[in-house]
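This is what each chain is made of:
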Amino acid sequence: AEAWVGDSVPASWDKVRYHGSESFNITAGATTQVNVKCPVRNTLVTLNIDENLKKVLSDISFTVSLNDGITDGSHSLVFEGDKINETGYFMINTRTDGFNWTLAGTDVKGQSYSKSDRYIDPDVTEKPHLARATHYTFNIKYNQSQGDIEIGGIYFDIDVVPEPNDPTHEIPVEIAVAPEIKD
């Protein structure tokens, strides 16, 4: 038995996709109950912003999008305001080639700042360069004297940590359809 449950949207704050499968035997004249565990199938993204960065960059927004050629906003999420600490849910598609990200805000001189780049998971050597059912935490760290990205003499690093999705985040599903029988 295989179950796909939930919405399949490219990027969302609340539409989650679950998937699971379980082998079972069918006996003539008997009802077979199968429990299919369906953990989250989405690729998740959260932010962890160093408090010191907020001292040099205000009105922070961090946009994450699937690098798949779709630029109408439906494949991206903007982490800002009340969404800065939320979890974003992404459905990787066949065109996906990593995440694009943009950090934006206002520096201490009142000027707009924006920096964009692409993230690919170093452990995923082929396209989509991201792992399904994985939680990516973008850690944005402030370094006063060193780092990879500079804002007028002030440096910060973006370190991304991938971890498997929490397998205990499941939902009960009851499927009452005729089974598809394969030889």
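Since the structure is predicted, the reported quantities are computational estimates derived from the model, not experimental observations.

Judged by nonpolar contacts, the single largest core of 29 residues is most densely connected at Leu53, Phe62, Phe99 and Phe138. Broken down by element, the residue count for this core peaks at five residues, all from strand E5 (residues 57–66). Phe62 has contacts with Leu47, Leu77, Val78, Phe79, Trp101, Thr102, Leu103, Phe138, Ile140 and Ile158, leaving out every residue within four places of it along the chain. Formed by seven residues, the second largest nonpolar core is a distinct cluster that contains Val16, Cys38, Leu44 and Tyr89.

Another point: the packing of aromatic side chains. Counted according to the given criterion, the structure contains eight aromatic pairs. Between Phe62 and Phe138 the ring centres are 5.4 Å apart and the planes differ by 55°, which places this aromatic pair in the tilted class. Highlighted residues: Phe62 in strand E5 and Phe138 in strand E10 (residues 134–143), separated in sequence by 76 residues. In terms of burial, Phe62 and Phe138 fall into one category: buried. Judged by centre distance (5.3 Å) and plane angle (65°), the ring pair of Phe90 and Phe99 falls under edge-to-face. Residue class for Phe99 comes out buried when judged on its relative accessible area of 0%. Through pairs of rings, three or more aromatic residues link up here, namely Phe62, Phe90, Phe99, Trp101, Tyr119, Tyr136 and Phe138.

Okay, the environment of Gly69 next. Within the secondary structure layout, Gly69 lies in the loop between E5 and strand E6 (76–79). In the structure, Gly69 is positioned 26 residues away from Arg95 in sequence and 7.5 Å away in space, judged by C-alpha atoms.

Here we take up unusual backbone geometry. When glycine is set aside, most residues are seen to have a negative phi, and most peptide bonds are trans. Omega for the bond connecting Lys127 with Pro128 falls within 30 degrees of zero, at 25°, which places this linkage in the cis form. In this model, Asp59 sits at a positive phi of 50°, which is unusual for a non-glycine residue. By the element assignment, Asp59 lies in strand E5. Under the relative-accessibility criterion, Asp59 is labelled exposed at 63%.

Attention now moves to the pattern of salt bridges. Across all of its chains, the model carries three salt bridges by this definition. Residue Lys54 is joined to Glu51 by a salt bridge in which the shortest nitrogen-to-oxygen separation is 3.1 Å. Taking the relative accessible area as the measure of exposure, Lys54 reaches 41% and is therefore partly exposed. The exposure class of Glu51 is exposed, given its relative accessible area of 52%. A salt bridge links Asp97 to Arg118; its shortest N-O distance comes to 3.1 Å. One end of the pair, Asp97, is in the loop between strand E7 (88–90) and strand E8 (99–107); the other, Arg118, is in strand E9 (residues 112–119), and 21 residues separate them in sequence. Judged by relative accessible area, Arg118 falls into the partly exposed class, the value being 35%.

Turning to the confidence of the model for the protein, a few remarks are in order. Detail in the predicted coordinates should be disregarded across regions flagged by low pLDDT. Per-residue confidence for the protein averages 83 on the pLDDT scale, and 80% of its residues sit at or above 70. Considering each helix and strand of the protein separately, the mean pLDDT is smallest for strand E11 (residues 149–151), with a value of 56, and largest for E6, with 97.

Here we have four strands laid out as an open sheet, ordered E6-E5-E8-E9, and antiparallel in their pairing. Of all strands in the sheet, those bounded by a partner on one side alone are E6 and E9. Neighbour to neighbour, the strand axes of the sheet diverge by 15° on average, direction disregarded.

Relative to the elements of secondary structure, Ser61 occurs in strand E5. Ser61 has contacts with Val78, Phe79, Glu80, Thr102, Leu103 and Ala104, leaving out every residue within four places of it along the chain.

Quick look at the pairing of strand E4 (residues 43–49) now. Of all seven residues in E4, six are buried, a share of seventy percent or more. Across three bridges, the pairing between E4 and E7 is antiparallel. Its bridge partner being in E7, Leu44 is matched across the sheet by Tyr89. Examined bridge by bridge, E4 and E10 share six bridges and lie parallel to one another. Bridging from a neighbouring strand, Leu44 pairs with His135 of E10.

Definitions and limits used
Residues numbered from 1 in each chain as written. Predicted model: local features only at pLDDT ≥ 70, side-chain atom pairs only at ≥ 80, totals over all residues. Heavy atoms only, no water. Core = buried A, V, L, I, M, F, W, Y, C linked by side-chain atoms within 4.5 Å. Buried < 20%, exposed > 50% of the residue type's maximum accessible area, 1.4 Å probe, protein only. Helix = DSSP H or I, 4+ residues; strand = E, 2+ residues; numbered from the N terminus. Contact = heavy atoms within 4.5 Å. Phe/Tyr/Trp six-rings, centres within 6.5 Å; stacked < 30°, edge-to-face > 60°. Salt bridge = Lys/Arg side-chain N within 4 Å of Asp/Glu carboxyl O. pLDDT = per-residue confidence, 0-100. Pairing = 2+ DSSP bridges. Axes fitted to C-alpha atoms, helices over the stretch in contact; angles between N-to-C directions.

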